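A look at the structure
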Amino acid sequence: MAYLKIFRYDPSGGVEPHFKRYELPPEKGMTILEALFWILENKDPSLAFRCSCREAVCGSCAVHINGEYRLACKTQVDPLGEEITIRPLTHLPIFKDLVVDMKPFFDQYEKIKPYLMPKEEPPESKEYFQSVKDRKKIDSLVDCILCGACYGSCPVAMGDPDYLGPHALLKALRFVQDTRDGAKTERLAIVATEHGVFRCHTIFNCQKVCPKDLDPTGAIAKLKMKSIGFKLKSMFGFARSAG
Amino acid sequence: MNIFKAIGGTYNEVRLNPNVGTWSFLLHRLSGILLAFYLFMHLIVIATSPGNAGAFDSRLAAVQTRLFHLLEIGLVGVIFFHMLNGLRILVADFFYLTRQHQKLLWIVVIIFIIIMAYATAVMLPKVFHREVTEVAQIVGGLR
Ligand code: SF4
Ligand code: FES
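Anyway, here's the lowdown on the structure attached to this text. This structure is a prediction, so every number in the text was calculated from the model and none was measured.

Let's talk about the site of ligand 1
In the neighbourhood of ligand 1, the contacting residues comprise Cys144(A), Ile145(A), Leu146(A), Cys147(A), Gly148(A), Ala149(A), Cys150(A), His167(A), Cys210(A), Pro211(A) and Pro216(A). In terms of residue class, the shell around ligand 1 is built from nine nonpolar, two polar and no charged.

Here you go:
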């Protein structure tokens, strides 16, 4: 028999933050997300949580489960033992129960201009060319589903609300390393700041929790090196527009 | 951010992320603060000490007590932890060894233990107002 202890809070409905305990039916293979749905349907229709794809693709269901940020849809109840504690993502304002306001998270993401800014027009009625080898450079980086687990786990995000965050920095590297992109200098200028890569303390929590097994710490390390190069170049006045 | 909020927030971070990464970060911060505090006190003691050699010596003699010798061992610990962990982070960042950070931490721990064992062996006799050679003689005599 497993019990879910869920964080409940409703600022608009006057409900103070507290934990509520629910008993789950014994069911093999049940995920945390299914358990939340079971509670919603059978015990408490007022429970609020987020989800969409139910298959670890959309990144909406990230919560803190028993000591780690994880995707509710990708985590099974069974291996977690009898008592399972679920909290919302940290460092983001809470709307209700497990639902947080993702706006600050996506605002940071937007700052790094998460879209291709190509050097030139594509060849006539064709797509931009990218070799298999060049595509490999961004291979794992494109897998980020923007779930926010890394942002929640990052102690730096606690102290600095303006910190770009592991998600945005990982995505910044994705575009910096994309051979079709032509705005490398502009991108490095955005991340080479005190609220960007230089704020990262290399704590490794983002790498630990990423449900897609990405390495945001490693991505930031790479950006740090590129940022140092960029800073030195611009200090000595020979920054080139793209390179 | 006020200090209470910072302490509460830090406590929360450690509670919600019980990983080696969080712990090493926390210890790194604390050891950094301790070192800054030590440096400050050290400079005050030196800077405010009287000009002549005799008075300077007697000022320094004031910290040659058992307690201070014991604290010195702690100081060596704090310095070496901060230094080695800092090197670990630099190595992880500069050589793209972020996936190996746990292994790097073990290396740090092993080197730290070796250094501390040596430092304690050399410095502990001072706590009991004895010289290392004296202790060696006593140990030799026991054999
Ligand atoms: S890097 Fe990983 S943890 Fe962070 S938002 Fe992307 S998928 Fe989620
Ligand atoms: S519901 Fe889409 S990732 Fe979990």
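Structural notes on the packing of helix 7 (residues 184-191) of chain A against helix 9 (residues 216-235) of chain A
All names here are of chain A. With their axes 10 Å apart at the nearest point, helix 7 and helix 9 run at an angle of 105° to one another. Accordingly, the angle class assigned to the pair helix 7 and helix 9 is roughly perpendicular. When helix 7 is examined against helix 9, the residues Thr185, Leu188, Ala189 and Val191 are found in contact with a partner set consisting of Leu223, Lys226, Ser227 and Phe230. Residue classes in the contact of helix 7 with helix 9 are distributed as five nonpolar, two polar and one charged.

Some remarks on the interface of chain B and chain A
Chain B puts 22 residues into the contact, and the matching count from chain A is 30 residues. Taking both partners together, chain B and chain A bury about 2,200 Å²; carbon and sulfur atoms supply 58% of that area. A per-residue breakdown of the area chain B buries against chain A is headed by Glu13(B), Leu16(B) and Arg99(B), which together make up 27% of the total. Summed over the shared surface of chain B and chain A, the number is two salt bridges.

Regarding helix 6 (residues 165-176) of chain A
All names here are of chain A. Taking 1.5 Å of rise per residue, twelve residues should cover 16 Å, and helix 6 covers 16 Å from first to last C-alpha, within 8% of that figure. Taken residue by residue, helix 6 has Gly165, Pro166, His167, Ala168, Leu169, Leu170, Lys171, Ala172, Leu173, Arg174, Phe175 and Val176 as its buried positions. Contacts made by the buried residues of helix 6 are with helix 2 (103-111), helix 4 (149-153), helix 7, helix 8 (205-209) and helix 9.

Remarks on the pairing of strand 5 (residues 83-87) of chain A
Remark: a regular strand shows side chains that alternate across the two faces of the sheet. All names here are of chain A. Along strand 5, four of the five residues are buried, which leaves the element largely enclosed by surrounding structure. Here strand 1 (residues 3-10) pairs with strand 5 via four bridges, running parallel. When the sheet's bridge partners are listed, isoleucine 6 is paired in strand 5 with isoleucine 86. Where strand 3 (residues 62-65) lies against strand 5, two bridges are found, and the strand directions are antiparallel.

Comments concerning the environment of Glu124(A)
All names here are of chain A. The residue glutamate 124 is located in the loop between helix 2 and helix 3 (132-136) in this model. According to the relative accessible area criterion, glutamate 124 is exposed, its value standing at 73%. For the pair formed by glutamate 124 and aspartate 143, sequence separation is 19 residues and the distance between their alpha carbons is 29 Å.

Some remarks on the packing of aromatic side chains
All names here are of chain A. Scanning the model with the defined rule gives seven aromatic pairs over all chains in all. Their ring planes at 75° and their centres at 6.2 Å tell us that phenylalanine 106 and tyrosine 109 sit as a pair that is edge-to-face. You can see phenylalanine 106 and its partner tyrosine 109 sitting in helix 2, three residues apart, about one turn around the helix. Overall, the relative accessible area of 34% leaves phenylalanine 106 in the partly exposed class. Exposure remark for tyrosine 109: the relative accessible area of 15% places this residue in the buried category. Members of the aromatic cluster, each reached through a chain of ring pairs, are Phe105, Phe106, Tyr109 and Tyr151.

Quick word on the sheet that holds strand 3 of chain A
All names here are of chain A. The five strands are arranged 2-1-5-3-4 in an open sheet whose pairing can be described as mixed. Here the strands that pair on one side only, and so sit at the sheet edges, are strand 2 (15-23) and strand 4 (68-71). Each strand of the sheet is rotated relative to its neighbour by a mean of 30°, with strand direction disregarded. Note: strand 1 against strand 2, seven bridges, orientation antiparallel. Residue pairing for strand 2: lysine 5 is matched across the bridge by arginine 21.

Focus: the layout of surface pockets
All names here are of chain B. Looking at the largest pocket, its volume works out to about 630 Å³. Forming the walls of the largest pocket are 17 residues, and the residues nearest its centre are Tyr38, Met41, Phe68, Leu71 and Leu75. Going through the elements one at a time, helix 2 (20-47) and helix 4 (66-94) are the ones with two or more residues in the lining of the largest pocket. Ranked by residues supplied to the lining of the largest pocket, first place goes to helix 2 with eight residues. A per-class count over the lining of the largest pocket returns 13 nonpolar, three polar and one charged.

Description of the side chain of Asp10(A)
Residue and element names in this part refer to chain A. For aspartate 10, the position within the fold is in strand 1. The charged side chain of aspartate 10 is buried without a salt bridge, its nearest counter-charge being lysine 96 at 4.6 Å. Among residues more than four places away in sequence, those in contact with aspartate 10 are Val15 and Lys96.

Quick notes on the pattern of salt bridges
Residue and element names in this part refer to chain A. In total, this model carries 17 salt bridges over all chains according to the counting rule given. Between aspartate 139 and arginine 135 there is a salt bridge whose closest N-O contact spans 2.6 Å. Aspartate 178 is paired through a salt bridge with arginine 180; the nearest N and O atoms lie 2.7 Å apart. In this structure arginine 180 comes out as partly exposed when scored by relative accessible area, which is 23%.

About the cut-offs
- Residues numbered from 1 in each chain as written.
- Chains lettered and ligands numbered in written order.
- Predicted model: local features only at pLDDT ≥ 70, side-chain atom pairs only at ≥ 80, totals over all residues.
- Heavy atoms only, no water.
- Near = heavy atom within 4 Å.
- Nonpolar A, V, L, I, M, F, W, Y, C, P; charged D, E, K, R; others polar.
- Axes fitted to C-alpha atoms, helices over the stretch in contact; angles between N-to-C directions.
- Helix = DSSP H or I, 4+ residues; strand = E, 2+ residues; numbered from the N terminus.
- Parallel < 35°, antiparallel > 145°, perpendicular 65-115°, else oblique.
- Contact = heavy atoms within 4.5 Å.
- Buried area = accessible area lost by both parts, 1.4 Å probe.
- Salt bridge = Lys/Arg side-chain N within 4 Å of Asp/Glu carboxyl O.
- Expected span 1.5 Å × (residues − 1).
- Buried < 20%, exposed > 50% of the residue type's maximum accessible area, 1.4 Å probe, protein only.
- Pairing = 2+ DSSP bridges.
- Phe/Tyr/Trp six-rings, centres within 6.5 Å; stacked < 30°, edge-to-face > 60°.
- 1 Å grid on protein atoms, 1.4 Å probe; cavity = no way out; pocket = protein on both sides within 12 Å on 5 of 7 lines; lining within 4 Å.
- Points joined across faces, edges and corners; volume = space filled by probe spheres on them.
- Lys, Arg positive; Asp, Glu negative; His and termini not counted.

Remember that the coordinates give geometry; whether it matters functionally is a separate question.
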